[in-house]
Amino acid sequence: MRSQLQKKKLQLKTDPDQLRVAVVGIGSELNGDDAAGIEIARKINLASALPADFIAINGGPIPENASGPLRKFAPDLVIMVDAADLGKAPGSIEWLEEEKIDGMSASSHTLPLSVLGNYLQSDLGCQVMYLGIQPEQLDFAAALSEKVQIAVEEIVTLFTEEFNLET
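Student: Where do I start with the layout of surface pockets in this structure?
Tutor: Over the atoms rolls a probe the size of a water molecule, and its path tells where empty space is left. Here the largest pocket is characterised by a volume of approximately 300 Å³. Along its surface, the largest pocket is lined by 13 residues, and Gln4, Lys8, Leu96, Val128 and Met129 are the ones closest to its centre. Looking at the lining of the largest pocket, the elements that each hand over two or more residues are α1 (2-12), β4 (93-96) and β5 (127-133). Grouping the amino acids of the lining of the largest pocket by side-chain chemistry returns five nonpolar, four polar and four charged.

As structure tokens, this is what we get:
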């Protein structure tokens, strides 16, 4: 997981430490593990003194609402994090290829993330990456499952280390 992120950082800038990066957490807090992306954005914002070149946005169930703050921030890289049916064990984490994500989400939003990603790439001139987490349960009003909580912590740690976020 880390190597793909490092590779993308190097592709975007000669100095990957100068990237403007936005993480957009996507999902619904009402549907158990669907809230994984939201929880990642929340934990980053609560635990970190974010540098000026990094932002974490709670995109909620309507991630296209993040386009306004993203436009203002002008990122080089947007990382969308969402629960996704990967066909793997609960808590599995995987970078998703854009052409494979349509209909893959386990989330409650209706607009495919690839549509939003293509819009952001065209409108903002940024790159977009998609990170999926296999949910265990999507029950109404349920908390995150233990396996997905572990995945959330792993991703927060990855972003904290890769983007030099203070904790």
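From this point, the narrative continues.
Student: For this particular structure, what's the right way to read the sheet that holds strand β1 (residues 21-26)?
Tutor: Through backbone hydrogen bonds, the strands of a sheet pair up, either in parallel or in antiparallel fashion. Judged by pairing direction, the sheet is mixed, and its five strands sit side by side in the order β2-β1-β3-β5-β4 without closing on themselves. What marks the edges here is a single partner per strand, and that holds for β2 (54-60) and β4. Across the sheet, the mean angle separating the axes of adjacent strands is 20 degrees when strand polarity is ignored. Both β1 and strand β3 (residues 77-83) contribute to a ladder of five bridges, which runs parallel. Across the sheet, the residue bridging to valine 21 is leucine 77, located in β3. Sitting on the sheet, α1 is in contact with β3, β4 and β5, with an inclination near 170 degrees to β5. Contacts from helix α2 (residues 36-47) reach β1, β2, β3 and β5 within the one sheet, and its direction differs from that of β2 by about 145 degrees.

Student: How should I be thinking about the packing of α2 against helix α5 (residues 146-162) in this particular structure?
Tutor: Geometrically, a packed helix pair is captured by the angle between its two axes and the distance between the axes. α5 packs onto α2 with a crossing angle of 45 degrees between their chain directions and a minimal axis gap of 10 Å. Classified by the angle between their axes, α2 and α5 sit oblique to one another. In this structure, α2 meets α5 at a crossing whose hand is right-handed. The segment α2 lies against α5, with Ala36, Glu39, Ile40, Lys43 and Ile44 engaging Val148, Val152, Glu153, Ile155, Val156 and Phe159. Across the contact of α2 with α5, the residue classes break down as eight nonpolar, no polar and three charged.

Student: Got a minute to help me understand the nonpolar core in this structure?
Tutor: Within soluble globular proteins, side chains that are nonpolar tend to cluster in buried spots. In this structure, Leu5, Ile40, Ile79 and Phe159 are the most contacted members of the largest nonpolar core, which totals 28 residues. With residues near it in sequence (within four places) discarded, leucine 5 still touches Leu77, Ile79, Trp95, Met129, Leu158, Phe159, Glu162 and Phe163.

Student: Help me understand helix α4 (residues 113-124) in this model?
Tutor: One turn of an α-helix holds 3.6 residues; hence residues three or four places apart share an orientation. Taking 1.5 Å as the rise per residue, α4 with twelve residues should run 16 Å; its terminal C-alpha atoms sit 16 Å apart, in good agreement. Inspection of α4 places Leu113, Ser114, Leu116, Gly117 and Leu120 among the buried residues, and these make up the whole buried set. Mapping the buried residues of α4 onto a view down its axis gives an arc of 160 degrees, with all of them on the same face. Check the buried side of α4 and you find it contacts β1, α3 (67-73), β3 and β5.

Student: How should the environment of lysine 9 be read in this particular structure?
Tutor: Note that lysine 9 resides in helix α1. By relative accessible area, lysine 9 is classed as buried at 6%. Sequence-wise, lysine 9 and aspartate 76 are 67 residues apart; in three dimensions their C-alpha atoms are separated by 9.4 Å.

Cut-off values and rules
Residues numbered from 1 in each chain as written. Predicted model: local features only at pLDDT ≥ 70, side-chain atom pairs only at ≥ 80, totals over all residues. Heavy atoms only, no water. 1 Å grid on protein atoms, 1.4 Å probe; cavity = no way out; pocket = protein on both sides within 12 Å on 5 of 7 lines; lining within 4 Å. Points joined across faces, edges and corners; volume = space filled by probe spheres on them. Helix = DSSP H or I, 4+ residues; strand = E, 2+ residues; numbered from the N terminus. Nonpolar A, V, L, I, M, F, W, Y, C, P; charged D, E, K, R; others polar. Pairing = 2+ DSSP bridges. Axes fitted to C-alpha atoms, helices over the stretch in contact; angles between N-to-C directions. Contact = heavy atoms within 4.5 Å. Parallel < 35°, antiparallel > 145°, perpendicular 65-115°, else oblique. Left-handed = near helix turned anticlockwise from the far one by under 90°. Core = buried A, V, L, I, M, F, W, Y, C linked by side-chain atoms within 4.5 Å. Buried < 20%, exposed > 50% of the residue type's maximum accessible area, 1.4 Å probe, protein only. Expected span 1.5 Å × (residues − 1). Arc of directions from axis to C-beta.

Such coordinate-based values are descriptive only and should not be taken to indicate function.
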